[in-house]
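This is what each chain is made of:
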Amino acid sequence: MTSHRQKSAMKAAHPCFVSCNVLGATPVFSRPETCQKVIDTWRELQEQRGLTIYGFLLLEDLVYLLAAADDFGGVLRRFREESARRVLECLEAMDDQGLLKRLRRFQDKQQSDPAAQLWQPAAPVEPVLRQETMRAKLEMIHQTPVKRGYVTDPVLYRYCSARNYAGQPGLLQVATDW
């Protein structure tokens, strides 16, 4: 059940944090091609739906997003649908039967289109109403690759907004002045 606070976060243009986990912790984002599909989807949502990204992270089996939009719920739904379609098409084109087979094991056969599933059921959207919370979420996003041992400095991790905050070019336009 969605709380009143979560419902207002879905409509308001203040920042929200969301974690999107891949079905069965399948490492679909261990390939640059699939990561690019998520980046392209976010870029289009920025251009077409007014998505403002404050922070992001792509790991092999999950995505963190700290962002805002007038209709965040609609934008998030569009992200989940469009990124799933693109990533699954990419895996099909690469003929990656190992990852596709693993995903199929976790797809809900009761869904109207189980073959289009990539993400676990939606996690709650967390509204970010205070600057302290914003800083804490960004710190978590940027430090996760370091804590996992992938890099020693978050700026070195390609699929993360840490580069933007360090004044370096990143993969996406990120609002760092909040």
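If you're wondering where the values come from, they're calculated on a predicted model, not measured in any experiment.

A. Expanded view of the side chain of Gln107. On the secondary structure map, Gln107 appears in the loop between α4 (97-106) and β4 (126-127). Polar side-chain contacts of Gln107 include one of 3.0 Å to the backbone oxygen of Gln117.

B. Examining helix α5 (residues 131-147) more closely. Helix length check: α5, at 17 residues, gives a terminal C-alpha distance of 23 Å against a target of 24 Å (1.5 Å per residue), a fit within 8%. At Ile141, α5 shows its largest kink, close to 25°, and the proline Pro145 lies no more than four residues downstream. If you check which residues of α5 are buried, you get Met134, Lys137, Leu138, Ile141, His142, Thr144 and Pro145. Residues of α5 that are buried make contact with β1 (16-21), β2 (52-59), β3 (62-68), β4 and α6 (162-165). Immediately downstream of α5, the backbone of Gly149 shows phi near 85°, a positive value.

C. A look at the side chain of Arg86. If you trace the backbone, Arg86 turns up in helix α3 (residues 72-93). For Arg86, a relative accessible area of 13% puts it in the buried group. Among the polar contacts made by the side chain of Arg86, one reaches the side chain of Glu44 at a distance of 2.6 Å. Not counting residues within four places of it along the chain, the set of residues in contact with Arg86 comprises Lys37, Asp40, Thr41 and Glu44.

D. Examining the environment of Met134 more closely. Relative to the elements of secondary structure, Met134 occurs in helix α5. The class for Met134 is buried, based on a relative accessible area of 3%. Along the sequence, Met134 and Gly55 sit 79 residues apart, while their C-alpha atoms lie 9.5 Å from each other. With residues up to four places along the chain from it excluded, the contact list for Met134 reads Pro15, Tyr54, Leu66, Val128 and Trp178.

E. Examining the packing of aromatic side chains more closely. With the rule as written, the count across this model stands at six aromatic pairs. A centroid spacing of 6.2 Å and a plane angle of 20° characterise the contact between Tyr150 and Tyr157, whose relative ring orientation is stacked. Grouping aromatic residues by their ring pairs yields a cluster made of Phe29, Trp42, Phe56, Phe79 and Trp119. Taking NZ or CZ as reference, Lys137 lies 4.4 Å from the ring centre of Phe17, over its face.

F. Up close: the pairing of β1. Across the six residues of β1, five count as buried, placing the element largely inside the fold. In terms of strand pairing, β1 meets β3 through six bridges, oriented antiparallel. Residue pairing across strands places Phe17 opposite Leu66, the latter belonging to β3. Note: β1 against β4, two bridges, orientation antiparallel. Directly across from Phe17, in β4, lies its bridge partner Glu126.

G. Structural view of the confidence of the model for the protein. Here the protein shows a mean pLDDT of 90. Residues at 70 or above account for 90%. Contacts of residues 1-12 to residues separated by more than four positions or lying in other chains number 22 contacts, the stretch itself having pLDDT below 50.

Reading guide: rules and limits
- Residues numbered from 1 in each chain as written.
- Predicted model: local features only at pLDDT ≥ 70, side-chain atom pairs only at ≥ 80, totals over all residues.
- Heavy atoms only, no water.
- Helix = DSSP H or I, 4+ residues; strand = E, 2+ residues; numbered from the N terminus.
- Polar contact = N/O pair within 3.5 Å; in protein donor to acceptor, adjacent residues only side chain to side chain.
- Expected span 1.5 Å × (residues − 1).
- Bend = angle between axes of the 7 residues up to and from the residue.
- Buried < 20%, exposed > 50% of the residue type's maximum accessible area, 1.4 Å probe, protein only.
- Contact = heavy atoms within 4.5 Å.
- Phe/Tyr/Trp six-rings, centres within 6.5 Å; stacked < 30°, edge-to-face > 60°.
- Lys NZ or Arg CZ within 6 Å of the ring centre and 35° of its normal.
- Pairing = 2+ DSSP bridges.
- pLDDT = per-residue confidence, 0-100.

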